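Tertiary structure, described
Below, each chain spelled out in residue letters.
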Amino acid sequence: MSETTVTVESSSTGGSCCGSCGTGAGKAPATAAAERAVFQVKGMTCGHCVSSVTAELEKVAGVTEVAVDLATGQVTVDSTAPLADTDVAAAIDEAGYALIGRIDA
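Given the structure is predicted, the values throughout are model-derived calculations rather than measurements. Counting of residues starts from 1 at the beginning of each chain's written sequence and follows it residue by residue. Local features in this predicted model are restricted to residues of pLDDT 70 or higher, and side-chain atom pairs are both shown and tallied only at a pLDDT of 80 or more, whereas totals for entire chains, interfaces and linings draw on every residue. Each side-chain value is worked out from all heavy atoms of the structure, with water and hydrogens disregarded.

Before going further, it helps to spend a moment on the confidence of the model for the protein chain. Each residue gets a pLDDT score, which is the predictor's confidence in that residue and runs from 0 to 100. Summary statistics for the protein chain give a mean pLDDT of 79 and a share of 68% for residues scoring 70 or more. What makes two residues a contact is simply this: any of their non-hydrogen atoms within 4.5 Å. Long-range and interchain partners of residues 1-29, a stretch whose pLDDT sits below 50, account for 20 contacts in this model, where long-range means more than four residues apart.

The structure is reproduced here in structure tokens:
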């Protein structure tokens, strides 16, 4: 049996990860990402910062999931294809923060 890890955004309604309950509004059902990249971001200090960065990165074509670790400033981005650092930097800049760089995994 193969193992697939799927992360579902929190929702007060519970339910499956198919998106029919609204947790995946505007997105395809959760699938395994083809690519994962971790970036260091400067300037995030609160939950609003996390929300802003997440919202802007989710607009980048191919992004399937964003996870922000506020304590470390690291942002993990799953996508269907490799992301250009310039696209990630533009999204983070639009949110009002600075991309320090990509963290090698």
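Don't stop here, the text continues.
Before going further, it helps to spend a moment on the environment of Ala84. Labels follow the DSSP assignment, with helices taken as runs of H or I lasting at least four residues and strands as runs of E lasting at least two, numbered in each case from the N terminus. As for its position among the elements, Ala84 is in the loop between β3 (74-79) and α2 (85-95). A sequence separation of 24 residues divides Ala84 from Val60, and the C-alpha atoms of the two residues are 10.0 Å apart.

Pairs of cysteine sulfur atoms within 2.5 Å are what we label disulfides. Applying the stated criterion to the full structure yields 0 disulfides. The thiol of Cys46 is not disulfide-bonded; the next cysteine sulfur, from Cys49, is found 3.6 Å away. Under the relative-accessibility criterion, Cys46 is labelled partly exposed at 32%. Burial status follows relative accessibility: with a 1.4 Å probe on protein chains alone, a residue under 20% of its type maximum counts as buried, one over 50% as exposed, and anything between as partly exposed.

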